[in-house]
Amino acid sequence: QVQLVESGGGLVQRGGSLRLSCAASGSIIRIYTMGWYRQAPGEQRELVAVITGGGSTNYADSVKGRFTISRDNAKNTVYLQMNSLKPEDTAVYYCNAELDNSRYRGNYWGQGTQVTVSS
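About the cut-offs
Residues numbered from 1 in each chain as written. Predicted model: local features only at pLDDT ≥ 70, side-chain atom pairs only at ≥ 80, totals over all residues. Heavy atoms only, no water. Helix = DSSP H or I, 4+ residues; strand = E, 2+ residues; numbered from the N terminus. Rg over C-alpha atoms; globule rule 2.2 N^0.38 Å. Buried < 20%, exposed > 50% of the residue type's maximum accessible area, 1.4 Å probe, protein only. Contact = heavy atoms within 4.5 Å. Pairing = 2+ DSSP bridges. Axes fitted to C-alpha atoms, helices over the stretch in contact; angles between N-to-C directions.

Q: What exactly am I supposed to notice about the overall build of the chain here?
A: In terms of helices and strands, the chain carries zero helices and eleven strands. In the chain, the succession of α and β elements from N to C terminus is β-β-β-β-β-β-β-β-β-β-β. For a compact globule of 119 residues, the expected C-alpha radius of gyration is about 14 Å, and the chain comes in at 14 Å, within 12% of that figure. Once the C-alpha set of the chain is aligned to its principal axes, its extents read approximately 45 × 25 × 20 Å. Every one of the 119 residues in the chain was classed for burial, and the buried ones make up 42%. Looking at the chain alone, contacts between residues at least 24 apart form 55% of all its contacts between residues at least 6 apart.

Q: Can you walk me through the sheet that holds strand β3 (residues 18-26) in this structure?
A: Sheets are built from strands that pair by backbone hydrogen bonding, the pairs being arranged parallel or antiparallel. Taken together, four strands build an open sheet; the order of strands is β1-β3-β8-β7 and the sheet is antiparallel. The sheet is open, and its two edges are formed by β1 (2-7) and β7 (67-72), each paired on a single side. For this sheet the average axis-to-axis angle between neighbouring strands, irrespective of direction, equals 15°. Of the strand pairs in this sheet, β7 and strand β8 (residues 77-82) are connected by six bridges, and their pairing is antiparallel. When the bridges of β8 are listed, I69 appears paired with L80.

Next up, the structure:
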């Protein structure tokens, strides 16, 4: 069993910063790509940022220059540093990991953490 647990969400003022963390635990053999997705009310879930095991990153155009994704492989943890937050960043943020457990390769999701940016 694999579990992803996010933390760091909350309410922040426009222009503020938040740092999200997602720690993976359980029967993990190897983690490949990790990423952050978000879903606003009434909208589809969208990719925010991804990072490969080798450290390559990719960002949605809307967050480039403001968000930074990073990972600590020793801790099986991925981070999302969010700066210059805007009201349109308000969403539930989900952590995702592509990994090998003891039996197969698959994608796992966290339960989500709410980020609300006041205007």
